[in-house]
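Architecture and fold: a report
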Number of protein chains: 2
Amino acid sequence: MRFRVEARDGRARAGVLETPHGDVRTPTFMCVATYGAVRGVGPDDLAGIGAQILLANTYHLHERPGEETIRGQGGLHGFTGWRGPWLTDSGGYQVSSMGDRVVVTEEGVAFSSPLDGRRRLLTPETAVGIQEALGSDVAMVLDECQVPVTDAPDAGATGRRIEEAMERSLRWAERASRARKQPGTALFGIVQGGVSEALRRRSAEATVAIGFDGYAHGGLGLGEDRPQRAEMVALVNESLPEDQPRYLMGIGKPVDLLDGVAEGVDLFDCVIPTRNGRHGVLFTAQGRLHIKNARFKDDSRPPEEGCDCPTCTRHSRAYLRHLLHIDETLGARLASLHNLRFYLRLLERSRDAIRAGRLAALRDELEASAGTADD
Amino acid sequence: MRFRVEARDGRARAGVLETPHGDVRTPTFMCVATYGAVRGVGPDDLAGIGAQILLANTYHLHERPGEETIRGQGGLHGFTGWRGPWLTDSGGYQVSSMGDRVVVTEEGVAFSSPLDGRRRLLTPETAVGIQEALGSDVAMVLDECQVPVTDAPDAGATGRRIEEAMERSLRWAERASRARKQPGTALFGIVQGGVSEALRRRSAEATVAIGFDGYAHGGLGLGEDRPQRAEMVALVNESLPEDQPRYLMGIGKPVDLLDGVAEGVDLFDCVIPTRNGRHGVLFTAQGRLHIKNARFKDDSRPPEEGCDCPTCTRHSRAYLRHLLHIDETLGARLASLHNLRFYLRLLERSRDAIRAGRLAALRDELEASAGTADD
């Protein structure tokens, strides 16, 4: 995997990530295909709206259908029919959120499967092995993500917990790095440390010292506000190599993406466009539409005027409202397609804006309209 | 609306139905889009698999979003984006199946809506008016369909009930015929009479005497066996004009369609391909596949070898099994697309077979393989 920066605008950069399954123009948004599919949306649909790289989840695919099945079908590319690049999340975050089912030890993450109750163990080594079996273009190291809890005894206790998880994640990162067997699968390190400047800087420097093909900002989007998040991203980016890709994990709303772009982030993923779409919330340049609202009952305009997506070029707000109103899965599909296209187009526009030196103007434009409301 | 028969093979015929929204080559299968959408499948998808005409339901669209909304969006064609022909079922059957909510009087069908509990009345005249407002190419008369009940006091009572419903349907048909206002919307009569030869012949002759643009076989698929159904269809067809289209409502499995074709039926509809698809049952020339079965876990073959549908040309049994196994809506979509294509292709092949004088051979071939098992 190779990465080159082609243009800069402040700290933002536009570049190209070369993978074994094609080039990815950055910054870009990775559509979330947890189980190897974006809900209701097929590989041809995704290519049609300009998707370049998809994200799947190691833990979920390990459970069903299992990495050996996928390896036997030619990896994620052969199995799913999406022949462009795949990034796989390590599954640490998904496992962490299982609560009582999980025990984190130095060895790894032990948990009882929600599927059959049987004991599973995910280690830094097995997480890499599974992702290599999946044929992933970009694998992520197993990390321990500590979600801030509001009922913690005191801030000090929370801080110690986050610090311990961060230090353990560093030891795991080193083990993951040594576990690699497939040169075709790139491996990204993940910076942790909550919203502590000292912890995140320590995590960034130690992760870079191990040496990865790219670096991710982990453990964000968990309650911090926008300025705080931007500060953490900026701080960490100072420690990351300029010539390697940076990925802000699981973030977020349209304005959050442009915040990240402005700080020099290259890759994003988030379930917001598809989840909101399924619930009838559509992103547009004029703000968000709650399409199930009665005022759209007889509205013959496309969901977003000027949008080039398959939904807006063929269907009206009235039809989309009707479909979502009756829980017709075509509605979820059409809304997801539009929202994904909105996200992909926003990143396309940010790439153009960086090359033209006018990213700030694009951000102002977006701030003035869409995405400012809370989800 | 015009219909012409172009070729015959025994009682079977191949023809063309000319509608204001394009020609339909018959015999054909109408994909079921009850609420103006085939679940998870858009108009472009349907055109891509060779669909020519869709079926929507008057009652359902009257409830949501209401015919005035659809009229305001350019009828079903403008509202849904399917710009080919639409046939609308009158809703009588759907209302009849509501049980205690329904009271049938000479005036029409009164029922409390499952949506808001409010009283609704569907009459022969309003059913035509709603379908004209929807901009339907082919409307169906309101009929009363008596479902045979197993706990009837005696066969005589059931017979009288079916006869009364049939006679009332005839009076309604006459009212429907007089209620027409839009010459662009064709109107089909519906033959009732259960599985009684005398009643069906009486219904057919009286319906033809009123005079419609086409005729449907109603009240079948309700427990009779294949030979009994074929006999009823054959008997009624003797009374129907040779130069008008015939529609066998709501039937059925692949072999049932070819039974109908052989008796001279031109139009079919059924939810089997989409409903079975959603449940992971796929039709193939080699029989039905229960794709969720573990034996397909690592099967890299397409669902049906040689099939030209978007599913079979892009995806494996292993992937489809995985998607249906995890209840991913893309799985239901891909399975529905395949099954609809299977049905549409079967009717394409039957048109070719009729022109070549070899429909019997096509039926033998199908009997020997797919569709013989019960659903």
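Our structure is the block above this text.
Since the model is a prediction, treat every value here as computed from it, not as a measurement.

Calculation criteria
- Residues numbered from 1 in each chain as written.
- Chains lettered and ligands numbered in written order.
- Predicted model: local features only at pLDDT ≥ 70, side-chain atom pairs only at ≥ 80, totals over all residues.
- Heavy atoms only, no water.
- Buried < 20%, exposed > 50% of the residue type's maximum accessible area, 1.4 Å probe, protein only.
- Helix = DSSP H or I, 4+ residues; strand = E, 2+ residues; numbered from the N terminus.
- Pairing = 2+ DSSP bridges.
- Axes fitted to C-alpha atoms, helices over the stretch in contact; angles between N-to-C directions.
- Contact = heavy atoms within 4.5 Å.
- Least-squares fit on C-alpha atoms with pLDDT ≥ 70 in both.
- Buried area = accessible area lost by both parts, 1.4 Å probe.
- Salt bridge = Lys/Arg side-chain N within 4 Å of Asp/Glu carboxyl O.
- Polar contact = N/O pair within 3.5 Å; in protein donor to acceptor, adjacent residues only side chain to side chain.
- Nonpolar A, V, L, I, M, F, W, Y, C, P; charged D, E, K, R; others polar.
- Phe/Tyr/Trp six-rings, centres within 6.5 Å; stacked < 30°, edge-to-face > 60°.

On to the pairing of strand 15 (residues 281-284) of chain B, then. Residue and element names in this part refer to chain B. Here strand 15 shows a buried face lined by Val281 and Phe283 and a second buried face lined by Leu282 and Thr284. Here 4 bridges tie strand 15 to strand 16 (residues 287-290), and the two strands are oriented antiparallel to one another. Across the sheet, Phe283 pairs through a bridge with Arg288, a residue of strand 16. Counting the residues that bridge the hairpin from strand 15 to strand 16 gives 2 residues.

What follows covers the sheet that holds strand 2 (residues 12-19) of chain B. All names here are of chain B. Taking strand neighbours across the sheet as the criterion, the 3 strands line up as 1-2-3 in an open arrangement whose pairing is antiparallel. Of all the strands in the sheet, just strand 1 (2-9) and strand 3 (22-26) have a single pairing partner and so form its edges. Sheet twist, expressed as the average angle between the axes of neighbouring strands with direction ignored, equals 15°. Strand direction decides the pairing type here: strand 2 and strand 3, joined by 5 bridges, are antiparallel. Each residue of the ladder has a partner; that of Glu18, found in strand 3, is Asp23. Packed on one face of the sheet, helix 13 (residues 329-356) meets strand 1, strand 2 and strand 3 and runs near 60° to strand 1.

On to the relation of the copies chain B and chain A, then. Screw-axis analysis of chain B against chain A gives a translation of 0.0 Å along the axis, an RMSD of 0.0 Å, and a rotation angle of 180°. Both chain copies can therefore be described as sitting about a two-fold axis. Most of the interface of chain B is mirrored in chain A, where 100% of its interface residues again form contacts.

The next thing to look at is the sheet that holds strand 7 (residues 102-104) of chain B. Residues and elements named next belong to chain B. Here 3 strands make up an open sheet; going across it, the order is 7-8-9 and the pairing antiparallel. Only two strands of the sheet have a single partner each, and these edge strands are strand 7 and strand 9 (119-122). Across the sheet, the mean angle separating the axes of adjacent strands is 20° when strand polarity is ignored. When strand 7 meets strand 8 (residues 109-112), the two strands line up antiparallel, connected through 3 bridges. Bridging from a neighbouring strand, Val102 pairs with Phe111 of strand 8.

Every contact between the two is made by 36 residues of chain B and, on the other side, 36 residues of chain A. Of the roughly 2800 Å² buried between chain B and chain A, counting both surfaces, carbon and sulfur atoms make up 53%. On inspection of chain B and its partner chain A, the count reaches 2 salt bridges. Its salt-bridge partner being A:Asp44, residue B:Arg314 comes within 2.2 Å of it at the nearest N-O pair. Our count for the contact surface shared by chain B and chain A stands at 20 residue pairs in polar contact (both at pLDDT 80 or more). Element by element, the count of residues in the side of chain B that touches chain A is highest for helix 12 (residues 317-325) of chain B, at 5 residues. Here the side of chain B that touches chain A is composed, by residue class, of 13 nonpolar, 13 polar and 10 charged.

Let us now look at the pattern of salt bridges. Where charged atoms of side chains with opposite charge meet at close range, the side chains can pair. Taken as a whole and assessed by the stated rule, the structure comprises 62 salt bridges over all chains. Salt-bridge contacts for B:Arg13 lead to B:Asp266; the nearest nitrogen and oxygen are separated by 2.9 Å. Of this pair, B:Arg13 sits in strand 2 while B:Asp266 sits in the loop between helix 10 (254-262) and strand 14 (267-269); the two residues are 253 residues apart in sequence, bridging distant segments of the chain. A salt bridge links B:Arg120 to B:Asp116, with the nearest nitrogen and oxygen atoms 3.4 Å apart. In this structure B:Arg120 comes out as buried when scored by relative accessible area, which is 17%. Each of A:Arg2, A:Arg4, A:Glu6, A:Glu18 and A:Arg355 takes part in a single network of salt bridges with overlapping partners.

This part is about the packing of aromatic side chains. Scanning all chains against the criterion turns up 14 aromatic pairs over all chains. Both rings, one in A:Phe283 and one in A:Tyr343, keep their centres 5.5 Å apart while their planes meet at 75°; by these two values the pair is edge-to-face. Separated by 60 residues along the polypeptide, A:Phe283 in strand 15 (residues 281-284) and A:Tyr343 in helix 13 (residues 329-356) bring together distant segments of the chain. Assessed through its relative accessible area of 0%, A:Tyr343 is described here as buried. Ring plane angle 75° and centroid distance 5.5 Å describe the contact between B:Tyr59 and B:Phe111, whose orientation is recorded as edge-to-face.

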